[in-house]
Amino acid sequence: MTPDAVSHSLDLLAERVGDPTPLVYARLFAELPETEALFVRDTRGAVRGEMLAVAFQCLLDLDGSYGANFIAAERVNHDAFGVAPAAFARFFPIVREVCREALGAEWTPQFERAWAERLERVAGLVDAGTDGGTPRVLRRASRPSAP
């Protein structure tokens with residue numbers, strides 16, 4: 001069985017740069033400077049590292065129950081912190097860009113296709129059918145079951 005291309009690219013990223021957290025957040029803060037203020041209390045980078053680790057888990061589990069639901073929930077949570085949906089959605093492509101740059105010539109067409117498909121799905125989760133700020137997936141989950 002061939003390993004998942006996104007997973008494989010993340011493994012290679014870890015081999016090449018170790019912890020990619022500083023690279024990802026440097027790019028995020030350069031592109032969306034207003035987001036840096038949200039991490040003022042994260043002086044050691046622990047929150048950033050944890051958020052990136054969870055983002056990796058979500059990217060790798062979009063077909064399971066964890067990834068899609070977590071992204072939908074965090075979209076709402078981040079909105080409460082003042083993070084616009086577009087800024088929230090931009091985080092995942094930034095991860096791909098850091099990965100692509102770090103891998104350089106090792107970045108393959110398979111990686112590009114797999115990431116494009118995964119990011120399209122993430123964008124759909126972020127944008128999908130919000131109604132009063134609550135993504136559809138959360139509204140369905142909160143309905144009581146029929147007796």
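Bear in mind the structure is a predicted one, so any value in this text is a computation, not a measurement.

Visitor: How would you sum up the overall build of the chain? Please name residues and give values.
Guide: On a plain count of helices and strands, the chain comes out with 7 helices and 2 strands. For the chain, the N- to C-terminal ordering of α and β elements is α-α-α-α-α-α-β-β-α. Scored against the burial criterion, the 147 residues of the chain give a buried share of 39%. Put simply, of all contacts in the chain between residues at least 6 apart along the chain, 65% involve residues at least 24 apart. Accessible area of the chain: about 8,500 Å², with a carbon and sulfur share of 56%.

Visitor: Can you explain helix α1 (residues 5–17)? Please cite residues and give values.
Guide: It helps to recall that an α-helix has 3.6 residues per turn; residues three or four apart then point in one direction. Relative to the 18 Å expected for 13 residues at 1.5 Å per residue, α1 spans 18 Å between its end C-alpha atoms, a close match to the ideal helical length. All of the buried residues along α1 are A5, V6, S9, L10, L12 and L13. The arc that holds the buried residues of α1, viewed along the axis, is 160°, so those residues lie on one side. Looking at the packing, one finds that the buried side of α1 touches α3 (46–60), α5 (85–103) and α6 (109–127). Two residues or fewer past α1, G18 is found with a positive phi of approximately 75°.

Visitor: Hey, could you go over the packing of α1 against α5 for me, with residue numbers and the actual values?
Guide: It is at 9 Å that the axes of α1 and α5 come closest, and there the two elements cross at 60°. When the axis of α1 is compared with that of α5, the two are oblique. The interaxial crossing formed by α1 with α5 has left-handed handedness. Counted together, S9, L10, L12, L13, R16 and V17 of α1 and V98, C99, A102 and L103 of α5 form the full contact between these two elements.

Rules and cut-offs
Once a new chain begins, its residue numbering starts again from 1 and follows that chain's sequence as written. Two thresholds apply to this predicted model, a pLDDT of at least 70 for residue-level local features and 80 or more for giving and counting side-chain atom pairs, whereas whole-chain, interface and lining totals are computed over all residues. With hydrogens and water excluded, all non-hydrogen atoms of the structure serve as input to the side-chain values. Counting from the N terminus, the helices are DSSP H or I runs at least four residues long and the strands are E runs at least two residues long. Relative accessibility decides the category of a residue: with a 1.4 Å probe and only protein chains considered, values under 20% of the type maximum give buried, values over 50% give exposed, and everything between is partly exposed. For this analysis, residues touch if any pair of their heavy atoms sits within 4.5 Å. Each accessible area value is a Shrake-Rupley result obtained with a 1.4 Å probe; residue values ignore everything except the protein chains displayed when judging cover. What a helix should span is 1.5 Å times the count of its residues minus one. Comment: arc refers to directions from the helix axis out to C-beta atoms. Axis angles are defined between N-to-C directions and span 0 to 180 degrees, where every axis is a line fitted to C-alpha atoms and, for a helix, only to the segment in contact. Each angle receives one of four descriptions, namely roughly parallel if under 35 degrees, roughly antiparallel if over 145, roughly perpendicular if within 65 to 115, and oblique otherwise. Rotating anticlockwise by less than a right angle from the far helix to the near helix defines a left-handed crossing, while the corresponding clockwise rotation defines a right-handed one.

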